[in-house]
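Per-entry structural report
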Amino acid sequence: TRNIVNSNSRSTITTSRTAEQTTETRTQQKALGKMSVSSKVQQQQQQQVAAPTAAQVNANNAVAGSIPRKSSCVVTVGMMEENRNKQRDKHKELREKKNALMNQDGGNPNWEFMNMIREYQSTIDFRPLVEGQPVEQHQITVCVRKRPLNQKEISRKEVDVVCIPNKNTLIVHEPKAKVDMTKYLDNQKFRFDYTLDETCSNEMVYMYTAKPLVQAVFEGAKATCFAYGQTGSGKTHTMGGTFTGRTQDSKNGIYTLATQDIFELLQSPKYRSNNLVVSASFYEIYCGNVFDLLSNKNKARVLEDGKKQVQVVGLTEREVYGVDEVQAILNSGSNLRTSGQTAANANSSRSHAIFSLTLRVKGSTKVHGKFSFIDLAGNERGADTVSENRRTRSESSEINKSLLSLKECIRALGRKKHLPYRGSVLTRVLRDSFIGKNIRTCMIAMIAPGMTSCEHTLNTLRYAYRVKELAVIDPDERVDPEEDLIEGDEPTNGGAHNFNDLEQLRSLNEHEMTMELYNQHKAISDLQQKEEEVLDNHQRVNEFLEKFLPETMELYNLTNLVDYDQDAYCKRGEELFTQLAEVANSFKDLMSEFRAKLAQEEMVSQAAKLSRRK
């Protein structure tokens, strides 16, 4: 019993102790819970005071159970950052592309234009003229030849702005810039009978231009082949032959190629019985004067007889019997040709050179056929009409006037209209090439492909285009211009018709010849005519003096006689010196008129210069 009581009391004590421990534990947990709750409340209050917005967002998210959201400002900033990164990547890509393009063109400063040209040309189907294609027959043939970039242009990193897609079409990629300096291309298209790219040889150019005219000459035609373009565009190379350094090989020039065909046809069975002989002449026109290149540049005169036939008086014409003789004439004459320096070329052609081969029946003066080759002066010379130098103004005016007159004469071929061949010395000496039914004409326009020559290239193409633009007409409407000229009311006065033709040139080319430029041309023409008159009279004065001096010396020697006749001496002396005074006074008045013309030309040129500046 005692053991049972003791064990019960021990268990009771243990139970009470356990209960007390449990109660203490619960009390401690409640106290700790109250402390943690109060600390949490304090933390929340501190967070609300420190960042109430974030607490509200967290509370709302906690309540809703959704994903935490960013504010609109944070989203906007993030989007801006993303856009900046995209722009940085884009600019980086553009810089890499730009560097690649620049490196592709070897650091060329005009790489942007080069890239635009490549992109444009990538859309073109190129089918250029090749040998073997048929040769078309035209009364007037206008073709364009593009030369390759030369070494000087390549060293300057010039851009080739001309392309030739096919045998008739040419495109000029003219570089331009907008007001905001944005670069772009103005792609201008032109169409001609033939367009010859830089891969075409002289032989191929000859095949499609001058070769068809050789046969026509043996059939009685008057054929003319013009080479037109700025200095350095390849005129002399095409007409005279290939240059190796400074040495010219004339064997593959159009002059020599045509000469070879002419002599071959002379020996052919078809024409051998005609007993034809060939004669050659070579001369230049400079500042309205004709100089014979076969006679040490002696001056020749252009006159018109009563039958309105133009004659070049004093011009040398030699019979030739082979190609070698013709080449010798060309070489000696070319060395005498007038040239000078311009902004475009250090050795600019300042004159028109005319080389002619004439067929006649042996022993006869009648012309059977004639082929004239004209190497025209550089067309950039015609723009220099406001120079301070009178000689430069004069030669530029003559070139400008002759090119305009030449264009209108070609356009007038086969048309019922006045032929303004008196507008310049060039068209006067070539009158036979524009008058008549059996006329064949070919113009080869030479262009340089470089970007710096773009303006001159476009001027050349526009000139050539206008020559062909109105040249082709209905054959049923053709008339004989010679009949129109003979039956028309043509003035016969030596100077009046020149101004009539000059006025007609201005009316047909008002956009190219302003009133100020017309007045300048007229003043220079007046000056040239007065100069020619003065020089002719000076020559007559020299001839008079050659006769006067022996006569006055003879008269003086009479006084050595002791008993010389004093009355006869005085009478003869009065006669001689009266003649001398008349000649001297007349020539003095002419010199005064010449000086007045010089002053008038200077005044008109200054007015033209001021109007051009405006």
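Just so it is clear, the structure is predicted and the values come from calculations on it, not from any experiment.

On a plain count of helices and strands, the chain comes out with 18 helices and 18 strands. Looking at the 614 residues of the chain, the share that counts as buried comes to 42%. Within the chain, counting contacts between residues at least 6 apart in sequence, those at least 24 apart form 70% of the total. For the chain, the exposed surface amounts to about 34,600 Å²; the carbon and sulfur share of it is 51%.

Moving on, we come to the pairing of strand S17 (residues 367-375). With six bridges connecting them, strand S6 (residues 222-229) and S17 associate as parallel partners. Bridged to Phe226 within S17 is Ile374. Here strand S16 (residues 352-361) runs beside S17; their pairing, made up of eight bridges, is antiparallel. Bridge pairing in S17 links Leu359 to Gly369. Counted along the chain from S16 to the antiparallel partner S17, the turn is five residues long, and its residue Gly363 has a positive phi close to 90°.

This part covers the UniProt feature "binding site: ATP" (unreviewed entry) in the chain. Sites flagged by UniProt as "binding site: ATP" (unreviewed entry) map to Gly229, Gln230, Thr231, Gly232, Ser233, Gly234, Lys235 and Thr236. Note on placement: Gln230 falls in the loop between S6 and helix H8 (235-240). On the accessibility criterion, Gln230 (5% relative accessible area) is buried. Here Gly234 shows up in the loop between S6 and H8. Relative accessible area serves as the criterion here: at 17%, Gly234 is assigned to the buried category.

This brings us to the nonpolar core. Considering soluble globular proteins, one finds that nonpolar side chains tend to be buried as a cluster. In terms of nonpolar packing, the biggest core is built from 53 residues, with Leu170, Phe226 and Phe434 touching the most fellow members. Ranked by the residues each element gives to this core, the list is headed by helix H14 (residues 454-469), at six residues. When residues of this core are assigned to domains, at least three map to each of domain 1 (82-117) and domain 2 (199-339 + 347-401). With residues near it in sequence (within four places) discarded, Leu170 still touches Val144, Val162, Cys163, Ile164, Pro165, Gln188, Lys189, Phe190, Thr195, Ile447 and Leu461. Leu129, Cys143, Cys200 and Val326 belong to the second largest nonpolar core, which has 46 residues in total.

Taken together, three strands build an open sheet; the order of strands is S2-S3-S4 and the sheet is antiparallel. Taken across any chain shown, the strands that pair with only one partner, and hence form the sheet edges, are strand S2 (162-163) and strand S4 (183-191). Of the strand pairs in this sheet, strand S3 (residues 169-177) and S4 are connected by nine bridges, and their pairing is antiparallel. Considered in S4, the bridge of Leu170 is made with Phe190.

For the rest of this paragraph, the subject is the pattern of salt bridges. Under the criterion given, the structure shown has 22 salt bridges. Note that Arg84 and Glu81 form a salt bridge whose closest N and O atoms lie 2.6 Å from each other. One end of the pair is Arg84 and the other is Glu81, both in helix H3 (residues 72-104) and three residues apart, which spans about a single turn. The exposure class of Glu81 is partly exposed, given its relative accessible area of 33%. By sharing partners, the salt bridges in this structure join Lys146, Asp160 and Glu198 into a single network.

Criteria and cut-off values
- Residues numbered from 1 in each chain as written.
- Predicted model: local features only at pLDDT ≥ 70, side-chain atom pairs only at ≥ 80, totals over all residues.
- Heavy atoms only, no water.
- Helix = DSSP H or I, 4+ residues; strand = E, 2+ residues; numbered from the N terminus.
- Buried < 20%, exposed > 50% of the residue type's maximum accessible area, 1.4 Å probe, protein only.
- Contact = heavy atoms within 4.5 Å.
- Areas by Shrake-Rupley, 256 points an atom, 1.4 Å probe, with all protein chains shown as cover.
- Pairing = 2+ DSSP bridges.
- UniProt positions renumbered as here; feature names shortened; annotations may be inferred.
- Core = buried A, V, L, I, M, F, W, Y, C linked by side-chain atoms within 4.5 Å.
- Domains from an automatic or database assignment.
- Salt bridge = Lys/Arg side-chain N within 4 Å of Asp/Glu carboxyl O.

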